[in-house]
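For reference, the chains in residue letters:
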Amino acid sequence: MRMNRMNRMNRRQLRMVRIVPFLFLIFIISGTIVAFGDNFSGKEEKMAPIAAAQPEKPRQEEPVVNKPAVIQPSPKKIFYDGPSEGKKVALTFDDGPDSIATPKILDILKKNNIKATFFIIGTQAKAHPDMVRRIEKEGHAIGNHSWSHPHFDKIPTEEALKQIDDAQEELKSIVGYYPSIVRPPYGALSKEEEKAIHGKGMDIIDWSVDTTDWSGAPTDEIMTLIHKELYPGGIILQHCSGGKDHLSNTIEALKQLIPDLTNQGYTFVTVPELLNLPDKLPD
Ligand SMILES: [Zn+2]
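These numbers come from a predicted model, not from an experiment. (Residues numbered from 1 in each chain as written. Predicted model: local features only at pLDDT ≥ 70, side-chain atom pairs only at ≥ 80, totals over all residues.)

1. Overview of the pairing of strand β4 (residues 141–144)
Taking every second residue as pointing to the same face, both faces of β4 are buried, with Ala 141 and Gly 143 on one and Ile 142 and Asn 144 on the other. Sheet topology places strand β3 (residues 117–120) next to β4; four bridges connect them, and they run parallel. Bridge pairing links Phe 118 to Ile 142 in β4. (Buried ≥ 20, exposed ≤ 12 C-beta atoms within 10 Å, placed from the backbone. Helix = DSSP H or I, 4+ residues; strand = E, 2+ residues; numbered from the N terminus. Pairing = 2+ DSSP bridges.)

2. A word on helix α5 (residues 129–137)
Since the α-helix turns once every 3.6 residues, residues separated by three or four places project in the same direction. Those residues of α5 that fall on the buried side of the exposure criterion are Met 131, Val 132 and Ile 135. Down the axis, α5 shows its buried residues gathered within 105 degrees of arc, on one side only. Exposed residues lying more than 90 degrees from the buried face of α5 are Asp 130 and Lys 137. Where the residues of α5 are buried, they touch α3 (101–111), β3, α4 (122–127), β4 and α6 (157–175). Following α5 by one or two positions, Gly 139 adopts a phi angle in the positive range, close to 85 degrees. (Arc of directions from axis to C-beta. Contact = placed C-beta atoms within 7 Å.)

3. Side note on the nonpolar core
Ala 90, Phe 118, Ile 120 and Ile 236 are the most contacted members of the largest nonpolar core, which totals 52 residues. Per-element tally for this core: the top contributor is α6, with five residues. (Core = buried A, V, L, I, M, F, W, Y, C linked by C-beta atoms within 7 Å.)

4. Some remarks on the packing of α3 against helix α9 (residues 248–263)
Between α3 and α9, whose axes approach to 10 Å, the crossing angle comes to 5 degrees. One element, α3, and the other, α9, form an angle in the roughly parallel class. When α3 is examined against α9, the residues Ala 101, Lys 104, Ile 105 and Ile 108 are found in contact with a partner set consisting of Ile 251, Leu 254 and Lys 255. The residue inventory of the contact of α3 with α9, partitioned by class, reads five nonpolar, no polar and two charged. (Axes fitted to C-alpha atoms, helices over the stretch in contact; angles between N-to-C directions. Parallel < 35°, antiparallel > 145°, perpendicular 65-115°, else oblique. Nonpolar A, V, L, I, M, F, W, Y, C, P; charged D, E, K, R; others polar.)

5. Comments concerning unusual backbone geometry
Generally, phi is negative for residues other than glycine and the peptide bonds are trans, each holding for most cases. Looking along the chain, the bond that leaves Gly 96 and enters Pro 97 is cis, with omega of 0 degrees. A positive phi is found at Tyr 186, a non-glycine position, where the angle reads about 65 degrees. Within the secondary structure layout, Tyr 186 lies in the loop between β6 (181–182) and α7 (191–199). Even without being glycine, Thr 212 reaches a positive phi, approximately 55 degrees. If you trace the backbone, Thr 212 turns up in the loop between β8 (209–210) and α8 (219–229).

Here is the structure:
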């Protein structure tokens, strides 16, 4: 009996000993499955915020994408002349208007049905608004020549820009539009000012023939300079205010150069026509 009991116990223990590794194996396998499951669900949670953050990325990059559209390299430059095709020439008259030389010049241009370009000083426009209106009414182009004719390369950029802005406002109040072209006094300009003027959408106009008429140069000297230096597409610099003897030599030279250049096959055009530029800026 005792032996039987012992045998039974041993058999039970033996069965247990066999079962334990099997249970242990099951425990390990189930544990691994749970651990994997946890890891997998953990990955999803980690991925979820990444996936949620992705749509924000384009929003953060939006300003960067927009930047190239704002900072366009300016195609503008300083014009000294125009294309040679068509043998055109642009007459330009600076520093006016006044009530002595300007009307005489306008009379000659009108008589010959020639359109020219007047680079006007703000203070002169304010003093002679009727003459500015006449220039505009008779079909000539109007350009900005600063408010009071300082050397732009000797004053701060902000001051130079104010000179242009003040003249623009004065001209707009008289003729009803902002001119698109500017000639800095003496052709003097810093690189920074050049960029800022182009940034306003304005074109900078210099010249290819300086007649030196303001100094009182004799008429034949003015004519010699024009014959020597003019080529098709040229821009001639003269004045319509100030200078010696109220520019009597300029006026006499104008009477001579019109038939002279016409005989040479030249056509007289305004600066915006010569360079194919708009003559007005949008408001
Ligand atoms: Zn000038």
